[in-house]
Amino acid sequence: MLGIGTKNIGIDLGTANTIVYIDGKGIVLREPSVVAKNTKTGEIVSVGEAAREMIGRTPASIVAIRPMKDGVIADYDTTVAMMKHYIEKALGKSSGKPYVMVCVPSGVTEVEKRAVIDATRVAGARDAYVIEEPFAAAIGAGLPVMDPTGSMVVDIGGGTTDVATISLGGIVSSRSIRMAGDKMDEAIVYYVRQNHNLLIGERTAEKLKWDIGSASVEAAAEMGTTEIRGRDLVSGLPQTTEVSASDVANALQDVVAEIISAIKETLEETSPEIAADVIDHGIVLTGGGALLKHLPEVIADETKVPVFIASEPLDCVAIGTGESLKSIDVMKKK
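Residues numbered from 1 in each chain as written. Predicted model: local features only at pLDDT ≥ 70, side-chain atom pairs only at ≥ 80, totals over all residues. Heavy atoms only, no water.

(A) Broad picture of the pairing of strand β9 (residues 99-104). With six of six residues buried, β9 lies mostly within the body of the structure. Where burial is concerned, the two faces of β9 agree: the one with Tyr99, Met101 and Cys103 and the one with Val100, Val102 and Val104 are both buried. Examined bridge by bridge, strand β1 (residues 9-13) and β9 share three bridges and lie parallel to one another. Looking at β9, one finds that isoleucine 11 is bridged to valine 102. Looking at chain direction, β9 and strand β10 (residues 127-132) are connected through six bridges and run parallel. Paired with valine 102 across the two strands is valine 130, which belongs to β10. Crossover connection from β9 via helix α3 (residues 110-122) to parallel β10: handedness right-handed. (Buried < 20%, exposed > 50% of the residue type's maximum accessible area, 1.4 Å probe, protein only. Helix = DSSP H or I, 4+ residues; strand = E, 2+ residues; numbered from the N terminus. Pairing = 2+ DSSP bridges. Right-handed = clockwise from strand over helix to strand, strands pointing away.)

Here it is as structure tokens:
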């Protein structure tokens, strides 16, 4: 049995955001996966939202790090410090070490899984287990994952897009590609630099994506323009420029095409029976990338399958990770 008085927690350890779910309480913490560190002393200056505010604005002695890259640990020590901070913040003065369930992309290696488990234990967990991201997303989206019926989920996070068909409590076929929210932001930065001779930061690119970004070039034509500020590459001075929704949609086309290609490949590997179930129930989108305007329509048009956005796309993975804590006794026997 679980330790008496010990709260068990689920962590969606994302490239962009970390969300913590406590058994019986739901989501208690949602913060950016960013750590600000003093390069001279190695000291952690701040974690989360406060550290995110520092991105692109730090003096030489302080660097704002995103310790997760493409859904896996890029900086082990910083990830441990970040998880320790979030576990303590979520549990407060709670006594006892928690059992922790952490979600990982479906394409990670055994070495990468082991790194996540080790980091979680070092950060203060009594023990740690991993669950694959699309499976957690499907649970969080309320799909009938344990039934003998096929479901398809596409989780578009910050570092990875995970596509999976699920039936009878397991993943039938899946794809994990490193094309997601971060790559969208990079594509916008590159496009603005090439076409407007303006250098912008990743936060400006992310704001552009949410304000006037669209998966459809045709739909973007009617979405207007917005002003952005950056550094002129010719004069080297600050400048304000108008960018249209069509510019942003054109910048995003390659990333959207890669996501659609991963969905098609996963469907091609799926048995006829599960494919028939997916046509009946549709494809469910989760993750922050699911909120890109016109994305469901573009995917539906390309795959000829209905596409829906989950009711709480940003929280599905965390909710599913938390829900899976109910089966943690089964996980311990694995």
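From this point on, the discussion continues.
(B) Focus on unusual backbone geometry. Residues other than glycine seldom take positive phi values, yet aspartate 70 does so here, at roughly 55°. Take aspartate 70: it is sitting in the loop between β7 (68-69) and β8 (72-73). Within the chain, lysine 304 stands out as a residue other than glycine whose phi angle is a positive 60°. Positionally, lysine 304 belongs in the loop between α10 (295-303) and β18 (307-309). The exposed category is assigned to lysine 304, whose relative accessible area is 65%.

(C) Up close: the sheet that holds strand β4 (residues 35-38). An order of β5-β4-β6 is seen for the three strands of this open sheet, with the pairing classed as antiparallel. In the strand order of this sheet, the two ends are held by β5 (44-47) and β6 (62-65), each with one partner. Pairs of neighbouring strands in the sheet enclose a mean axial angle of 20°, with direction left out of account. When β4 meets β5, the two strands line up antiparallel, connected through three bridges. Within β5, the residue paired with lysine 37 across the bridge is isoleucine 44. (Axes fitted to C-alpha atoms, helices over the stretch in contact; angles between N-to-C directions.)

(D) Spotlight on the nonpolar core. Core analysis: the biggest nonpolar cluster contains 43 residues, and Ile188, Ile200, Leu208 and Ile283 have the highest contact counts within it. Per-element accounting of this core gives the leading share, eleven residues, to helix α8 (residues 245-268). Apart from the residues lying within four places of it in its own chain, the contact partners of isoleucine 188 are Ile200, Ala205, Leu208, Lys209, Val248, Ala251 and Leu252. Counting 29 residues, the second largest nonpolar core, distinct from the first, contains Val80, Tyr86, Val104 and Val130. (Core = buried A, V, L, I, M, F, W, Y, C linked by side-chain atoms within 4.5 Å. Contact = heavy atoms within 4.5 Å.)

(E) Looking closely at the packing of helix α2 (residues 76-91) against α3. One way to put it is that α2 packs onto α3 with a least axis distance of 8 Å and a crossing angle of 50°. Looking at the two axes, α2 sits oblique to α3. For α2 against α3, the interelement crossing comes out right-handed. Residues Tyr76, Val80 and Met83 of α2 lie in contact with α3, whose contacting residues are Ala115, Asp118, Ala119, Thr120 and Val122. Of the residues contributing to the contact of α2 with α3, the split by class is six nonpolar, one polar and one charged. (Parallel < 35°, antiparallel > 145°, perpendicular 65-115°, else oblique. Left-handed = near helix turned anticlockwise from the far one by under 90°. Nonpolar A, V, L, I, M, F, W, Y, C, P; charged D, E, K, R; others polar.)

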